[in-house]
There are 4 protein chains.
Amino acid sequence: MNTINVGLVGITGYAGMELARLLAGHPAMRLSMACSRAEAGKRLGEFYPFLEHMPGADVIISVFEPREAARHCDLVFLAVPAGTAMDMAGPLLDAGVKVVDLSADFRIHDAETYEHWYRHEHHRKDLLRWAVYGLPELYAADIAQTSLTANPGCYPTSVILGLYAALKNELIEPDDIVVDAKSGATGAGRKAAVPTLFCEVSDNFRAYGLPRHRHTPEIEQEISLLAGREVRLSFNTHLLPMNRGILSTIYTKLKYPVTLDSVHEAFRHTWERSPWVRVLPKGALPETRYVRGSMFCDIGVVVDPRTRRLTILAAIDNLCRGASGQALANANLMCGLPVNAGLEHLAPLA
Amino acid sequence: MNTINVGLVGITGYAGMELARLLAGHPAMRLSMACSRAEAGKRLGEFYPFLEHMPGADVIISVFEPREAARHCDLVFLAVPAGTAMDMAGPLLDAGVKVVDLSADFRIHDAETYEHWYRHEHHRKDLLRWAVYGLPELYAADIAQTSLTANPGCYPTSVILGLYAALKNELIEPDDIVVDAKSGATGAGRKAAVPTLFCEVSDNFRAYGLPRHRHTPEIEQEISLLAGREVRLSFNTHLLPMNRGILSTIYTKLKYPVTLDSVHEAFRHTWERSPWVRVLPKGALPETRYVRGSMFCDIGVVVDPRTRRLTILAAIDNLCRGASGQALANANLMCGLPVNAGLEHLAPLA
Amino acid sequence: MNTINVGLVGITGYAGMELARLLAGHPAMRLSMACSRAEAGKRLGEFYPFLEHMPGADVIISVFEPREAARHCDLVFLAVPAGTAMDMAGPLLDAGVKVVDLSADFRIHDAETYEHWYRHEHHRKDLLRWAVYGLPELYAADIAQTSLTANPGCYPTSVILGLYAALKNELIEPDDIVVDAKSGATGAGRKAAVPTLFCEVSDNFRAYGLPRHRHTPEIEQEISLLAGREVRLSFNTHLLPMNRGILSTIYTKLKYPVTLDSVHEAFRHTWERSPWVRVLPKGALPETRYVRGSMFCDIGVVVDPRTRRLTILAAIDNLCRGASGQALANANLMCGLPVNAGLEHLAPLA
Amino acid sequence: MNTINVGLVGITGYAGMELARLLAGHPAMRLSMACSRAEAGKRLGEFYPFLEHMPGADVIISVFEPREAARHCDLVFLAVPAGTAMDMAGPLLDAGVKVVDLSADFRIHDAETYEHWYRHEHHRKDLLRWAVYGLPELYAADIAQTSLTANPGCYPTSVILGLYAALKNELIEPDDIVVDAKSGATGAGRKAAVPTLFCEVSDNFRAYGLPRHRHTPEIEQEISLLAGREVRLSFNTHLLPMNRGILSTIYTKLKYPVTLDSVHEAFRHTWERSPWVRVLPKGALPETRYVRGSMFCDIGVVVDPRTRRLTILAAIDNLCRGASGQALANANLMCGLPVNAGLEHLAPLA
């Protein structure tokens, strides 16, 4: 494969760290620019000791500048906060650089909805129509054609993949869905803050963000498209005392009494050509460790005839499948590479 | 206070360990018998190094024998598996010894329901009518009169306390309740087993027991009594990578649109005379660390007008409030002591 | 006992949090003042939800002011950084208020040594001669007489107690001691900082502060006093992925070949009247969990005839014995109370 | 590259799990046999859900039988306990199958020493002369020629690599070395046992195996070879509350006063052609997370002029570099592949 030069804006967060890790093992992409205002001037290997003796270690961290980026990069990953990415994407696209945006800025098709939930103005509404929602199982063909991919949120990735087969096969009532999602602490970001100190998170469990987590509109947008009508659901998030992993337990009501056998068969059939979605055997339940550092989404299904509920459990790695790995898969598609280039290796699971 | 001699059958599990800890600081109870077939003959302080230099350390572990127990004890705690306790309770009661049973054997009033969920016969159905369900906030007066208390399960304690005010104040539909409960690993017991090894639980999160956790009928029994009609709910359990603590996130539907203010006021009012139930300020959510090693049940309420749902979050310590501390509170009541004797101290929270 | 009013300056750190916890269960002391510039104006129970429904919850956090303190308090605990405490202690002592200083400001008898290691000036050298080093096993009588106790550091507490019997019995070469100490993350404090975020500490182990940890001179001062001559030792610290606990593994050379039996007997004999120091049985090794939340220092001894070394392992809880519990014990002595008042309860160990 | 068929005996332990993980991503090796008496008959992907949809998932677990192994495999990894491997290796070698033994059975050149420390007889002393100690940095040429590699222990790998430059450059006294080593809990194996349950290891830290850990003779053998004379050292092990990683803090005495600059330069120079050994910048200390899932050994050096000590800190991943990754590197060498084939990817570090 030809070498593709990529840039990464926002290297100090966990998504940036994970992208640096994945790019170090990518067969065709080369990290040729890494940006961070706070760390500019350092060698990347000095800042991230794990990178030493690996590709990318010698990149000098720089301050983001669109023309510099255009000179060095075919594609740029934006791993910066919502509200910041929207201003960076335009100049890059104008300069002919492809963009994978890991923030929420281009995920919500409706700018008003975005502004309502994110509580700031969207000043690049003009780009919204070009952005493709970067969930490869749903939109691979579109992603391959676009220059601007809106990389999905971590929670939405697990919820949309979890619900997809149930909605496509019309097994459930779309209006009565409750999602109880739990995430490892990398999801809370890498800013210095007392609530995410080790001693505050360790040996502790709590909910947060109820009842208005910002990933709600993104999930509802995609679920509504799948259901063919507007859906509202209850989405609730919790913080786990561990680094990585999301498990979303999704409570739904069956439209009519069906057996576990037929639900399971529907899920298996729906996903049989998607190597990254693993529908577990009947009776098996997903564990976050089994998807660690990977693109897998493990799905378990439970039918409770007592309450006529279908419970769907979906596990992903919030940083790999839920952020940087998915960004890399999207970049692969946008650059004409196999979607799984650089994403074939298993991470330690214990 | 006069000294009350108590025995503890089943010291090797986490409930037994927690009771030994609490009894070491009790102002009126003295541990005078500790039973374990496997460890018989050892000093308790040798088996549990944390007990050395504390009351109870010099007790010699013995094999349970009802007549010996009657000679040494006014009250016996049974911290043994379901199915075993039922055979121990009878002879103790016959010999005039009070019993607090931490197993499920006397919790379910209906023997058939017990047998259906626990999959073994109940051979002391005659005792069921005498047993009191040992949740002090609901049944303190009855507990004070009985000789046989059925100590509640850990999950049910959190769910019943969590739902109580909502049902009493008729705020919610009793037929549409989903409980997503998460427990620390002490809840899985202290038996040598690969799935509960450190490296299998650490950095991992998973559901288990779906859709038929044995605590379901116990919860449904008490919720049905509160609702005034038979209720079925969806009860789902998960294993947290930490030692202690349960957080139950309880999803309910409001009967009619009410504000957070009025829901919160109803909860506050309902619990204002119960010092162990702390209704958190509006907007605050419970954390398991804040109830560690204590009898507190911290309750947070969330109203989502978008979906007309009331979400109740209830946190307890699964070993203290959910097992041994509650057993001690029940024993206090049964012995005419203040309910909180020996239970007034705060445990480390970080 | 009469009520003793105490104040606590610096409530937001882990030592302050631990003191608030312990004071809530103290039979004779009442927290009547809690100071923090950043949190002034809040109810303590609002700031620390674990305190709600407990003594102390209704105290309003205030800004420290010596005359106010003198009006409300018989004794004040200073849980503030080194360099800050020295300026607070004088006015309090002048106003007749007893002081237990948890910082390092009055621990080092020699002001020059202090200034060399702490890299700032000592402006209350005049108070150094009055300060007593607050290790109750060594200096209880002096502590009972003083108005200013310098509460020992966490690491020094474990190392001094660990080495005491070996030096007193002249078993080891004082000039060839290596201490490899490991601490839980509460020891790193409660300031917002990236290196102590959950995801940086979890699943990780590292040394820090080598070769110049500030606790070195404090250890050397006390060890030199015990050895009767100036001692330099190698003191090395590591950060454990857990909240609480210190284990110091102390490598020493035996002066002459002695058996484990005689070393163990010497340790047992030395400590037989000290209920908080538990010399473990031969062959047993201390574990941090067994001292959690307590004043115990568990000591194990290992003799290796192959290398003629005596290895001493000493475990304490860094926040309770290593800071706030010890401060409370010192306050008890200074106020004429039993040294263990409010410190008799066992914390959860699993 | 041609496909090399390999077998793995002992798949249920953590070393077997890690090898299965690494082989799934190896460009030239194919797992064609996986043995476990207890799990025989299952698909490997059923037993290890993380392997589903990856190479190796469809292998059926079988009972080890040497002739079957010879039919399917060019090389076999033995991940079985010490004492068991010695009987398996002979028949495999006789049948022309290469062997990498992850147990201790062929590490110690002197059979008497082995029998003294491992407390059982060595019944294949005849093979000892053929076995090569599989530390690639020291013995790559010999490993490439042998059919039987004795894969080093996890702790010895860290200690030998840590001390190598200090001994080669004659910086330290070989007779005064103390090793304080700490390991994650995967090092304790995957057998069901109470002391390695989650709730016993979590939030806890302790030493174990003192003063006679079985890795001592292996370390002394290699250090003696490096020092040119028989060396005894003090080797001490501790259990960390985390899954993976070893940090060995190695305390040595400098032969003569040297600066950190010159020590650091000696280390850098010694290792400059060894890509897996990373000598950190002066002042930097290794962290286990930075080597997770990799073959790196990160080394930090500290000179303390106060005590004239050189402290060396060496961090590895105990399962990858300390067991299965190193076994794979050795297998690569034995099969004529690049030593790092299948070992180039970085694992998640947070």
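Residues numbered from 1 in each chain as written. Chains lettered and ligands numbered in written order. Predicted model: local features only at pLDDT ≥ 70, side-chain atom pairs only at ≥ 80, totals over all residues.

Thoughts on the overall build of chain A
Link 1 in the chain: Regarding its fold elements, chain A presents 12 helices and 13 strands.
Link 2 in the chain: Here the C-alpha radius of gyration of chain A, 20 Å, is about what a compact globule of 350 residues would show, namely 20 Å.
Link 3 in the chain: For the C-alpha atoms alone, the extent of chain A along its principal axes is close to 60 × 45 × 40 Å.
Link 4 in the chain: Evaluated residue by residue, chain A yields a buried proportion of 62% over its 350 residues. (Helix = DSSP H or I, 4+ residues; strand = E, 2+ residues; numbered from the N terminus. Rg over C-alpha atoms; globule rule 2.2 N^0.38 Å. Buried ≥ 20, exposed ≤ 12 C-beta atoms within 10 Å, placed from the backbone.)

Digging into the relation of the copies chain D and chain B
Link 1 in the chain: Between chain D and chain B, which share one sequence, the superposing operator has a rotation angle of 180 degrees and an axial displacement of 0.0 Å; the RMSD is 0.0 Å. The transformation just described matches what one would write down for a two-fold rotation axis. In terms of proximity to the rotation axis, the leading residue of chain D is Phe 198 of chain D, whose C-alpha is 1.7 Å off the axis.
Link 2 in the chain: A symmetric contact is evident, with 100% of the interface residues of chain D recurring at the interface of chain B. (Least-squares fit on C-alpha atoms with pLDDT ≥ 70 in both. Contact = placed C-beta atoms within 7 Å.)

Some words on the confidence of the model for chain A
Link 1 in the chain: Looking at chain A as a whole, the pLDDT averages 97, with 100% of positions reaching at least 70.
Link 2 in the chain: Both scores are given for the predicted complex: the pTM is 0.98, the ipTM 0.97. (pLDDT = per-residue confidence, 0-100.)

Digging into the nonpolar core
Link 1 in the chain: Ranked by internal contacts, the top residues of the largest apolar core, which has 512 residues, are Leu 8 of chain B together with Leu 8 of chain D.
Link 2 in the chain: Excluding anything up to four places from it in sequence, Leu 8 of chain B contacts Gly 16, Leu 19, Ala 20, Leu 31, Met 33, Ala 34, Cys 35, Phe 77 and Ala 79 of chain B. (Core = buried A, V, L, I, M, F, W, Y, C linked by C-beta atoms within 7 Å.)

Looking at the interface of chain A and chain B
Link 1 in the chain: On the side of chain B, 36 residues touch chain A, which itself brings 36 residues to the contact.
Link 2 in the chain: Elements represented by at least two residues in the side of chain A that touches chain B include exactly strand 7 (178–183), strand 8 (206–208), strand 9 (234–239), strand 10 (246–253), strand 12 (297–304) and strand 13 (309–316) of chain A.
Link 3 in the chain: For the side of chain A that touches chain B, the class distribution of residues is 17 nonpolar, nine polar and 10 charged. (Nonpolar A, V, L, I, M, F, W, Y, C, P; charged D, E, K, R; others polar.)

Things to note about helix 4 (residues 85–94) of chain A
Residues and elements named next belong to chain A.
Link 1 in the chain: All of the buried residues in helix 4 are Ala 85, Met 86, Met 88, Ala 89 and Leu 92. An end-on view of helix 4 places all buried positions within 160 degrees of arc, on one side of the element.
Link 2 in the chain: Those residues of helix 4 hidden inside the fold are in contact with strand 1 (4–9), helix 3 (66–72), strand 3 (75–78), strand 4 (98–101), helix 6 (125–128) and strand 6 (148–150).
Link 3 in the chain: Phi turns positive, to about 85 degrees, at Gly 96, one or two residues after helix 4. (Arc of directions from axis to C-beta.)

Quick look at the environment of Thr 157 of chain A
Residue and element names in this part refer to chain A.
Link 1 in the chain: Within the secondary structure, Thr 157 sits in helix 8 (residues 154–168).
Link 2 in the chain: For Thr 157, a count of 29 C-beta atoms within 10 Å puts it in the buried group.
Link 3 in the chain: As a C-alpha pair, Thr 157 and Ser 248 span 91 residues in sequence and 10.0 Å in three-dimensional space.

Some thoughts on helix 8 of chain A
Residue and element names in this part refer to chain A.
Link 1 in the chain: An ideal rise of 1.5 Å per residue puts 21 Å on 15 residues; helix 8 measures up with 22 Å between its terminal C-alpha atoms.
Link 2 in the chain: Of all 15 residues making up helix 8, 14 are buried, and the element is well covered by its neighbours.
Link 3 in the chain: A positive backbone phi angle near 50 degrees is found at Glu 170, which sits one or two residues after helix 8. (Expected span 1.5 Å × (residues − 1).)

Let's talk about the interface of chain D and chain B
Where interface size is given, it is often the accessible area lost as the parts come together that is meant.
Link 1 in the chain: With 15 residues of chain D in contact, the opposing surface of chain B contributes 15 residues.
Link 2 in the chain: By residue number, the principal contributor to the side of chain D that touches chain B is helix 9 (residues 198–201) of chain D, which donates three residues.
Link 3 in the chain: Along the lines of polarity and charge, the residues of the side of chain D that touches chain B split into nine nonpolar, four polar and two charged.

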